[in-house]
Amino acid sequence: MHRGHAAALFACFLLVSVGTTMGAPSDSAFAQEGIDPDDILLSIAVEENGDAVWTIEYRTRLETDEDEQAFEDLEGDIDADPEPYAQRFQDRMEGTAGSAENATGREMAITEMTVAAERRDLPQAYGVLTYRFRWSSFAAIEGDRLLVGDAIAGLFFEEETSLLLSWPDGYELAGASPTPDETRESSVVYNGPVEFGGDEPRVELGPVGGSTADDGDQSNLPTLVGALAVVVLGGAGVFLAYRRHEKPTGEDDAESENETVGAQPAAKPDPELLSNEEQVLQLIEREGGRMKQKAVAEQLGWTDAKTSQITKKLRESGELEGFRLGRENVLSLPEEDPRSE
């Protein structure tokens, strides 16, 4: 990868919340041959004045010599000239903060933007790309309480994404909706896949020992998922450029279509008679015992988040097995050996 392509490729942003891909400049076509980061961690540290320090980490496994070399190139580019990377991300975040400002009525700003790339052994080798910045007036202040979440209402997380929201000393959790996956002494954690409602997440913080107050009415706030999803996945565009793997284009889909030529279309299960889990199992059984998770979502008309949540439960209960085929999740019934083909 030539050094000059890095800034242009950074402009490839994916709007995953509604399945829409934003257009990228013509000279960033390389990005379409890349892959997503393996993990994304959003850490939001809320301060007493309502500001929040954001840290977004994109982590990708360095499994081959090609991965190692690609990340070294990226790390060298950022060390030599971080400004293009930081400025592009700041521009996008400022647009997101502007939408949140209109929705909440609070004046907001994005400042102190930095970007860094480093290799970490966790113990497996990872390349980590980190953006850090301050979002002023991120949380609302009502008396002695901090109300967090209206600025990112309706956010959607894929399975590889986690949100860690922490608060300052002297405060404690007074309420949260939806219920966090994990509650710690001074933070809560939400693990993807999760699709927050139009007035979620809502995290209320009060002084230690104080009374729990009402969450307040945030139901009229517009969903800001689109703006923030573009920005968060935008950071992944760097990896889309630098970590490239050879893979067929459209071959899997073509093979799938060829396999079903001549087959009689099967009726979808009646949702009034079957549970969500039963619909998934019946569909996969009808398709021969194995399906891509993406195809399950499409045939049942579900969102990616809903499909991930339901199939995760089925895998945990042993009713389904899952494996990776390239960058796709494939689901199979237990009696179906994923390596048989």
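The structure this text deals with has already been given above.
The numbering scheme is per chain: residues are counted from 1 as the chain's sequence reads. Reporting of local features is limited, given that this is a predicted model, to residues whose pLDDT is at least 70; pairs of side-chain atoms are given and counted only at 80 or more, and all residues count toward the totals for whole chains, interfaces and linings. Note: side-chain values were computed over all heavy atoms of the structure, leaving out hydrogens and water.

Describing the packing of aromatic side chains
Rules: Two rings from Phe, Tyr or Trp (for Trp, the six-membered ring) form a pair when their centres sit within 6.5 Å of each other. Planes less than 30 degrees apart are called stacked, planes more than 60 degrees apart edge-to-face, and all others tilted. Under the scheme used here, helices are H or I runs from DSSP no shorter than 4 residues and strands are E runs no shorter than 2 residues, and both carry numbers assigned from the N terminus.
Counted according to the given criterion, the structure contains eight aromatic pairs. With 6.4 Å between their ring centres and 50° between their planes, Phe 89 and Phe 133 make a pair best called tilted. In this pair, Phe 89 is assigned in helix α3 (residues 83-104) and Phe 133 in strand β6 (residues 125-136), connecting sequence segments 44 residues apart. Ring pairs connect the aromatic residues Trp 54, Tyr 58, Phe 89, Tyr 131, Phe 133, Trp 135 and Phe 138, which therefore count as one cluster.

Describing the nonpolar core
Nonpolar side chains in soluble globular proteins tend to end up buried together. Operational definition: Residues belong to a common nonpolar core when they are buried Ala, Val, Leu, Ile, Met, Phe, Trp, Tyr or Cys residues joined through side-chain atoms within 4.5 Å. Summary of the burial criterion: residues with accessible area below 20% of their type's maximum are buried, those above 50% are exposed, and those between are partly exposed, where the area comes from a 1.4 Å probe applied to protein chains only. Residue contacts follow a heavy-atom distance rule, with two residues in contact if any of their heavy atoms lie within 4.5 Å.
Formed by 46 residues in total, the largest nonpolar core has its most connected members in Trp 54, Phe 133, Trp 135 and Phe 138. The contacts of Phe 138, once residues within four sequence positions are left out, are Ile 44, Gly 50, Asp 51, Ala 52, Trp 54, Arg 106, Val 148, Asp 150, Ala 151 and Ile 152. In this structure, Leu 281, Leu 283, Leu 320 and Leu 333 belong to the second largest nonpolar core, which totals 13 residues.

Remarks on the sheet that holds strand β5 (residues 109-121)
Let me state the cut-off plainly: Two strands qualify as a pair provided DSSP detects at least 2 bridges between them. An axis is simply a line fitted to the C-alpha atoms; with a helix, the fit covers only the stretch in contact. Between two such axes, the angle follows the N-to-C directions and lies from 0 to 180 degrees.
Spatial strand order, β5-β6-β4-β3-β10-β13-β12: seven strands in an open sheet with mixed pairing. The sheet is open, and its two edges are formed by β5 and β12 (182-183), each paired on a single side. With six bridges joining them, strand β3 (residues 39-46) and strand β10 (residues 161-166) adopt parallel strand pairing. If you follow Ser 43 over to β10, its bridge partner there is Leu 164. Across the sheet, helix α2 (residues 65-80) lies against β4 (52-61), β5 and β6, angled at about 145° from β5, the strand it touches most. Sitting on the sheet, α3 is in contact with β4, β5 and β6, with an inclination near 130° to β5.

Side note on the packing of helix α6 (residues 276-286) against helix α8 (residues 304-316)
Under the convention used in this document: Working rule for angles: under 35 degrees goes down as roughly parallel, over 145 as roughly antiparallel, 65 to 115 as roughly perpendicular, anything else as oblique. Under this grouping Gly is polar, as are all residues other than the nonpolar Ala, Val, Leu, Ile, Met, Phe, Trp, Tyr, Cys and Pro and the charged Asp, Glu, Lys and Arg.
Contact geometry for α6 and α8: axes closest at 10 Å, N-to-C directions at 80°. Relative to α8, the element α6 is oriented roughly perpendicular. Seen from α6, the contacting residues are Asn 276, Glu 277, Val 280 and Leu 281; seen from α8, they are Lys 306, Ile 310, Thr 311, Lys 313 and Leu 314. For the contact of α6 with α8, the residue count by class is four nonpolar, two polar and three charged.

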